[in-house]
Amino acid sequence: MADGMKTDANVDITDVVCPMTFVKVKVALEDLNDGQVLGVHLNDGEPIQNVPRSLKDEGHKVLSVRKAADDTYDLIVQKNGLAQ
Amino acid sequence: MSSLTNEQLERYSRHIILKQVGGKGQEKLLNGKVLVIGTGGLGSPAAMYLAAAGVGTIGLVDYDVVDLSNLQRQIIHKTSSVGKNKVDSGRATIEALNPDVKVHTYQELVRADNILDIIRDQDYDFLIDATDNFPAKFLINDACVMAKKPFSHAGIIRFQGQTMTYVPGQGPCYRCVFPEMPPKDAVPTCREAGIIGVMGGVIGTLQATEAIKYILGIGDLLTGYLLTYDALTMQFRKIKIPRNPNCPVCGDHPTVTKLVDYEQPACDLRKKG
């Protein structure tokens, strides 16, 4: 996926708005083990402003952020990566 | 994979966002089973908040019917419910609030010969004592100690309320604090004494909070503490109470080893309308 990094799971939150954006990412992360990585496809604006911050608040590490040509973003998030 | 549907993710989103809850915690709530004994001033808000929270199985115990004088505080019942069985009225409110909840109703007074069967019926995880009389409070306490079930005690009168939480093996029970029934007619019931309508909302909601925390396994429960609230002075007091090793029911050498039906004060005995 993004940056050629292999992800353990992916979630697309371009079809929902706050707070469902973070809810869907959070539930997807719960299915992973610590250290595994999740790809998140999200919209510009409120999602890209808030979702990475919420992830950091809960101890997850945003490994990369990539903007696509259609103004959407792809995040790579490592579960509990800030705790390690 | 999370078992939550998209609709559930949305309904419980404000829970799931909480670090202490998450999707896993919400699943625990949906699998949780709470028995609410009494659907009056305390049981109304307790049962409604548990239902809104998505506690998946809620039992309601009450023998009474809705009376017009209940509606000043018993918010689970409506004007149109007057004359109906309280458990049926409560069920209707819960089912309208949250279809995720399975409601089990017990149209009876808790007694020594039925309370353990009611608890076992759905193997409830946690009980809420939302009753308005001492015989029921002592019976619920003794049954929970004997069945090793956690429960939230509460009592409300006039402008005052109190609550404590019993968890087996983790602190005092109700009888550690109040070993024996008060003498008959020494204590007024809320029928005689009056009760400010909001009191059940405050204390019953605290009871629901304890049930939710217990199911989620988060925070500190009111085990080993009696919380009192005075609405006139707006004072909360959290009083530390030790377990009594000589407690007649949970002590090291209990003297109360089987359930007893204590006598109801005469004014509490009312015929079904």
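Owing to the predicted nature of the structure, the values given are computational and were not obtained by experimental measurement.

A look at the sheet that holds strand S4 (residues 73–78) of chain A
All names here are of chain A.
Next, step 1: The strand order S1-S2-S4-S3 describes an open sheet built from four strands, whose pairing is mixed. Each of the sheet's edge strands pairs with one partner strand only, and the pair in question is strand S1 (9–12) and strand S3 (61–67). Averaged over all neighbouring strand pairs, the angle between strand axes comes to 20 degrees, with direction disregarded.
Next, step 2: Strands in contact with helix H1 (residues 20–30) are S1 and strand S2 (37–42); relative to S2, the strand with the most contacts, it is inclined by about 160 degrees.
Next, step 3: In the packing of helix H2 (residues 46–57) onto the sheet, the strands contacted are S2, S3 and S4, and the crossing angle to S4 comes to about 0 degrees.

Details of the interface of chain A and chain B
Put simply, an interface is often sized by how much accessible area is lost when its parts join up.
Next, step 1: With 11 residues of chain A at the interface, the matching set in chain B holds 14 residues.
Next, step 2: Summed over both partners, the interface of chain A with chain B comes to about 1100 Å²; 62% of that surface belongs to carbon and sulfur atoms.
Next, step 3: In this assembly, chain A and chain B are joined by one salt bridge.
Next, step 4: Notably, a salt bridge pairs Lys24 of chain B with Asp31 of chain A, separated by 3.7 Å at the nearest N-O pair.
Next, step 5: Our enumeration of links across chain A and chain B arrives at six residue pairs in polar contact (both at pLDDT 80 or more).
Next, step 6: The residue inventory of the side of chain A that touches chain B, partitioned by class, reads five nonpolar, no polar and six charged.

Things to note about the nonpolar core
Residue and element names in this part refer to chain B.
Next, step 1: Core analysis: the largest hydrophobic core is formed by 31 residues, its most contacted members being Val34, Val36, Leu50, Ile58, Leu60, Ile94 and Ile128.
Next, step 2: Put simply, the parts of the chain that give this core at least two residues each are strand S1 (33–37), helix H4 (43–52), strand S2 (57–61), helix H5 (86–97), strand S4 (126–129) and helix H10 (199–216).
Next, step 3: Ranked by residues supplied to this core, first place goes to H10 with seven residues.
Next, step 4: Not counting residues up to four positions away in its chain, the partners in contact with Ile58 are Val34, Val36, Ala47, Leu50, Ala51, Ile94, Val101, Lys102, Val103, His104 and Tyr124.
Next, step 5: Listed in part, the 27 residues of the second largest apolar core include Ile119, Ala136, Leu139 and Cys250.

Quick look at the side chain of Thr72 of chain A
Residues and elements named next belong to chain A.
Next, step 1: Within the element layout of this structure, Thr72 appears in the loop between S3 and S4.
Next, step 2: For Thr72, a relative accessible area of 8% corresponds to the buried category.
Next, step 3: At 2.6 Å, the side chain of Thr72 forms a polar contact with the side chain of Asp70.
Next, step 4: The contact partners of Thr72, leaving out residues within four places of it in the chain, are Thr14, His41, Leu42, Asn43, Arg66 and Lys67.

Concerning the packing of aromatic side chains
All names here are of chain B.
Next, step 1: The final tally for this structure, using the stated rule, is seven aromatic pairs over all chains.
Next, step 2: Ring centres of Tyr106 and Tyr124 lie 6.5 Å apart, and the angle between their planes is 75 degrees; this geometry places the pair in the edge-to-face category. Remark: Tyr124 occurs in the loop between helix H6 (115–121) and S4 and Tyr106 occurs in strand S3 (residues 102–106); sequence separation between them is 18 residues. Each of the two residues, Tyr106 as well as Tyr124, counts as buried.
Next, step 3: Pairing Phe126 with Tyr214 gives two aromatic rings, centres 5.4 Å apart and planes at 40 degrees, and the pair type is tilted. Placement of Phe126 in strand S4 and of Tyr214 in helix H10 is noted, with a sequence separation of 88 residues between them.
Next, step 4: You can call Tyr214 partly exposed: its relative accessible area is 31%.
Next, step 5: Through a chain of ring-to-ring contacts, three or more aromatic side chains come together here, namely Phe138, Tyr174, Phe178 and Tyr262.

Points about helix H3 (residues 22–30) of chain B
Next, step 1: By the criterion of burial, H3 of chain B is predominantly enclosed, with seven of the nine residues buried.
Next, step 2: Contacts from the buried residues of H3 of chain B go to H1 of chain A together with helix H1 (6–11), helix H2 (13–16) and H10 of chain B.

Structural notes on the environment of Ala69 of chain A
Next, step 1: One can find Ala69 of chain A in the loop between S3 and S4.
Next, step 2: Residues Ala69 of chain A and Val25 of chain A, 44 residues apart in the sequence, show an inter-C-alpha distance of 22 Å.

Section: the sheet that holds strand S7 (residues 225–230) of chain B
Residue and element names in this part refer to chain B.
Next, step 1: Taken in spatial order, the eight strands line up as S3-S2-S1-S4-S5-S6-S7-S8 in an open sheet, and their pairing is mixed. Either end of the sheet is taken by a strand with one partner, and the two such strands are S3 and strand S8 (235–240). Neighbour-to-neighbour, the strand axes of the sheet open up by a mean angle of 15 degrees, direction not taken into account.
Next, step 2: Where S7 and S8 come together, six bridges link them in antiparallel fashion. Pairing of Tyr225 across the sheet is with Lys240, part of S8.

Some words on the environment of Asn70 of chain B
All names here are of chain B.
Next, step 1: Note on placement: Asn70 falls in the loop between S2 and H5.
Next, step 2: Overall, Asn70 belongs to the buried group, its relative accessible area being 7%.
Next, step 3: Not counting residues within four places of it along the chain, the set of residues in contact with Asn70 comprises Val65 and Lys86.
Next, step 4: Of note is the side chain of Asn70, whose polar atom sits 2.7 Å from the backbone nitrogen of Asp67.

Overview of the pattern of salt bridges
Residue and element names in this part refer to chain B.
Next, step 1: Counted under the stated rule, the structure contains 11 salt bridges over all chains.
Next, step 2: Among the ionic pairs, Arg91 bridges to Glu95, the shortest N-O distance being 3.3 Å. In this pair, Arg91 and Glu95 are both assigned in helix H5, four residues apart and thus about one turn of the helix distant.
Next, step 3: Residue Glu95 is classed as partly exposed on the basis of its relative accessible area, which comes to 39%.

Cut-offs applied
Residues numbered from 1 in each chain as written. Chains lettered and ligands numbered in written order. Predicted model: local features only at pLDDT ≥ 70, side-chain atom pairs only at ≥ 80, totals over all residues. Heavy atoms only, no water. Pairing = 2+ DSSP bridges. Helix = DSSP H or I, 4+ residues; strand = E, 2+ residues; numbered from the N terminus. Axes fitted to C-alpha atoms, helices over the stretch in contact; angles between N-to-C directions. Contact = heavy atoms within 4.5 Å. Buried area = accessible area lost by both parts, 1.4 Å probe. Salt bridge = Lys/Arg side-chain N within 4 Å of Asp/Glu carboxyl O. Polar contact = N/O pair within 3.5 Å; in protein donor to acceptor, adjacent residues only side chain to side chain. Nonpolar A, V, L, I, M, F, W, Y, C, P; charged D, E, K, R; others polar. Core = buried A, V, L, I, M, F, W, Y, C linked by side-chain atoms within 4.5 Å. Buried < 20%, exposed > 50% of the residue type's maximum accessible area, 1.4 Å probe, protein only. Phe/Tyr/Trp six-rings, centres within 6.5 Å; stacked < 30°, edge-to-face > 60°.

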